[in-house]
Amino acid sequence: MPFNNILPSGLLPDEASPEWLNKADNAWQLTASAMVGLQSVPGLIVLYGSMAKKKWAVNSAFMALYAFAAVLVCWVLWAHRMSFGTELYFIVGKPGIALDQKYLLSQAYGDKPTDIYGYMPMANYVFYQFAFAAITVILLAGSLLGRMNFYAWMLFVPMWLTVSYTVGAFTIWGRQGFLETGGIIDFSGGYVIHLSSGVAGFTAAYWVGPRHSQDRQHFPPNNIIHMLGGAGFLWMGWTGFNGGSPLSAGCITALAILNTHICTATSLLVWLSLDMIVYKKSSVIGAVQGMITGLVCITPGAGIVEPWAAMLMGLISGTVPWYTMMVLHKKLAFFQRVDDTLGVFHTHAVAGALGGLLSGILAKPSLLKLFYPSDKHHAGLLYSILDRQIEKGLRQMCYQVVGAVFITVWNVVATSLICIFIKQIVNLRMNEEDLKIGDDAAHGEEAYALWGDGEKMPNKLRLTPKFPSIFCQH
């Protein structure tokens, strides 16, 4: 098509800007990718480093930083194509490198070049999906803070990404995944990211074991102001998290962003209100937890529900996870046996499952058509009842339930096998003596120069980390 007579010279296609490239979509996607990356670095680094007890601040932050770097290398070497490439088995794609210039500069596509994802280079899509994968592993780490052997964590990250995350991404988002072809709704990762990280974190916490008894009884944040700063990165970064999923700068993107913030604000206020009613005191940590559950709950339905539905989801996400964390967790021996440091099971697994199920109820038909081009995704159960097509709504709910069950079971099994395997190489948990010391024992470094919240002074100054032997347990 001749463009010379209808476009300004700055918009004419050339070798660096081919005809298929939409510069607005590409610019927005790059921005969204950067925002998701900032949720992890520095967002969760700051949040974990300040939310943990002082003697674990360095270790907690470093677990997040290491995971971000390790996931990127694994992602471009094999994991991206396992998640979004050609089918190997019905639950995962073939491993392959995503480093070739021809591949990265081609138009973003799925398992074959004719399966177009968006009007942007593949390099943009690869980085966006990497940022999702990285934050999933880092969220999982929240269950393990304060006791996991860092060298075990170094092995765990690439193994879990390969065995667990790629399967969830392929089955729900991959063009050939059995849940995707069936018509499951997961707008931006309620199941792929949050349900999987919550379940896997809880499972890994079981295998790693609990923190030192003193830490489990007393684990105050070392800097609440910095904690709020990290939470702020997380909240505002969710603009790109959910806003980037349409892979375009269109109307549904704007709706997804607005719904994200409506649900989050509602959830925060509900959680805060419950704290004030039950405990007679407003809790900053509680407000952050409510913020997170709102962000998680809206994720699977951000662009396919109306704003009133987003507010309703915020009401539920501020109530149900609050009850499971603040009431059930203290009553049930099942929860007491497992030391989930930051309550990731409640804030991500429970809230993510809620979001997926509520999306199956509240998804609006006209919005679904804007995001999902095919007819395999059915209207939410509520609209199906109103349209007197309840069987379609029940079919959609069936896929939402099947998806939640599959992700849960897969993560329990895969995470358990990974932990059992790593345990044969190196201890999953630091030894008791090092647990009394914290950061200095793990890394030879401390977050603050002053001592004073009950840590045990090490016998000697260690300037370098202590490496474990792979030949014996100690």
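The present account deals with the structure reproduced in this document. (Residues numbered from 1 in each chain as written. Predicted model: local features only at pLDDT ≥ 70, side-chain atom pairs only at ≥ 80, totals over all residues. Heavy atoms only, no water.)

**A look at the overall build of the chain**
Scanning the chain from N- to C-terminus turns up 20 helices and 4 strands. For 474 residues, the compact-globule formula gives about 23 Å, and the C-alpha radius of gyration of the chain, at 23 Å, lands near that figure. Each principal axis of the C-alpha atoms in the chain carries an extent, and together these give about 75 × 50 × 40 Å. Here the chain holds 474 residues, and the buried ones make up 58% of them. Across the chain, the fraction of contacts at a sequence separation of at least 24, relative to all contacts at a separation of at least 6, is 75%. The centroid of the 30 positive side-chain charges in the chain is displaced by 8 Å from the centroid of its 27 negative side-chain charges. (Helix = DSSP H or I, 4+ residues; strand = E, 2+ residues; numbered from the N terminus. Rg over C-alpha atoms; globule rule 2.2 N^0.38 Å. Buried < 20%, exposed > 50% of the residue type's maximum accessible area, 1.4 Å probe, protein only. Contact = heavy atoms within 4.5 Å. Lys, Arg positive; Asp, Glu negative; His and termini not counted. Charge placed at Lys NZ, Arg CZ, Asp CG, Glu CD.)

**With respect to the nonpolar core**
In this structure, Trp153, Phe156 and Tyr165 are the most contacted members of the largest nonpolar core, which totals 127 residues. Not counting residues up to four positions away in its chain, the partners in contact with Tyr165 are Trp75, Gln129, Phe132, Ala133, Thr136, Trp160, Trp173, Val192 and Ile193. Core analysis: the second largest hydrophobic core is formed by 8 residues, Ala52, Trp56, Met430 and Ala441 among them. (Core = buried A, V, L, I, M, F, W, Y, C linked by side-chain atoms within 4.5 Å.)

**So, the packing of aromatic side chains**
This model, assessed by the stated rule, comprises 26 aromatic pairs. Measuring from centroid to centroid gives 6.1 Å for Phe406 and Trp410, while their planes differ by 25 degrees, and the two rings are stacked. Placement of both Phe406 and Trp410 in helix α18 (residues 390–423) is noted, with a separation of 4 residues, approximately one turn of the helix. The class for Trp410 is partly exposed, based on a relative accessible area of 27%. Through a chain of ring-to-ring contacts, three or more aromatic side chains come together here, namely Trp75, Phe84, Tyr117, Tyr125 and Tyr165. The ring of Phe219 carries Arg211 above its face, with NZ or CZ at 4.6 Å from the centroid. (Phe/Tyr/Trp six-rings, centres within 6.5 Å; stacked < 30°, edge-to-face > 60°. Lys NZ or Arg CZ within 6 Å of the ring centre and 35° of its normal.)

**A word on the side chain of Ser60**
Among the structural elements, Ser60 can be located in helix α2 (residues 57–84). Exposure remark for Ser60: the relative accessible area of 0% places this residue in the buried category. A polar atom in the side chain of Ser60 sits 2.8 Å from the backbone oxygen of Trp56. (Polar contact = N/O pair within 3.5 Å; in protein donor to acceptor, adjacent residues only side chain to side chain.)

**Notes on the environment of Tyr89**
If you trace the backbone, Tyr89 turns up in strand β1 (residues 87–89). Relative accessible area serves as the criterion here: at 55%, Tyr89 is assigned to the exposed category. It is 9.9 Å that separates the C-alpha atoms of Tyr89 and Val167, two residues lying 78 residues apart in sequence.

**Side note on helix α13 (residues 320–331)**
With 12 residues, α13 should reach 16 Å at 1.5 Å per residue; the first-to-last C-alpha distance of 15 Å fits that figure. Of all the residues in α13, the buried ones are Pro321, Trp322, Thr324, Met325, Val327 and His329. Residues of α13 that are buried sit in contact with α10 (251–279), α11 (284–298), α12 (307–317), α14 (333–337) and α15 (344–362). (Expected span 1.5 Å × (residues − 1).)

**Brief notes about the environment of His218**
Mapped onto the elements, His218 comes out in the loop between α8 (213–217) and α9 (224–243). In this structure the C-alpha to C-alpha distance between His218 and Ala404, which are 186 residues apart in sequence, comes to 34 Å.

**A few points about a nonpolar patch on the surface**
A cluster of nonpolar side chains, contributed by Val401, Val405, Val409, Val412, Val413, Leu417 and Ile420, occupies part of the molecular surface with about 550 Å² of accessible area. In this structure, Val405 sits in helix α18. (Patch = residues over 30% accessible without salt bridge, like charges linked within 9 Å, V, L, I, M, F, W, Y side chains within 5 Å. Areas by Shrake-Rupley, 256 points an atom, 1.4 Å probe, with all protein chains shown as cover. Salt bridge = Lys/Arg side-chain N within 4 Å of Asp/Glu carboxyl O.)

**Quick look at the pattern of salt bridges**
If you walk through the whole model with that rule in mind, you get 7 salt bridges. When the shortest N-O distance is used, the salt bridge between Asp215 and Lys53 registers 2.9 Å. Remark: Lys53 occurs in the loop between α1 (23–51) and α2 and Asp215 occurs in helix α8; sequence separation between them is 162 residues. Residue Asp215 shares its accessibility class with Lys53, and that shared class is buried. Between Lys55 and Asp215 there is a salt bridge, with its nearest N and O atoms 3.3 Å apart. With a gap of 160 residues between them, Lys55 in the loop between α1 and α2 and Asp215 in helix α8 connect regions that are remote in the sequence. Asp215 matches Lys55 in its accessibility class, with the two residues each being buried. Where salt bridges share partners, they join Lys53, Lys55 and Asp215 into one cluster.

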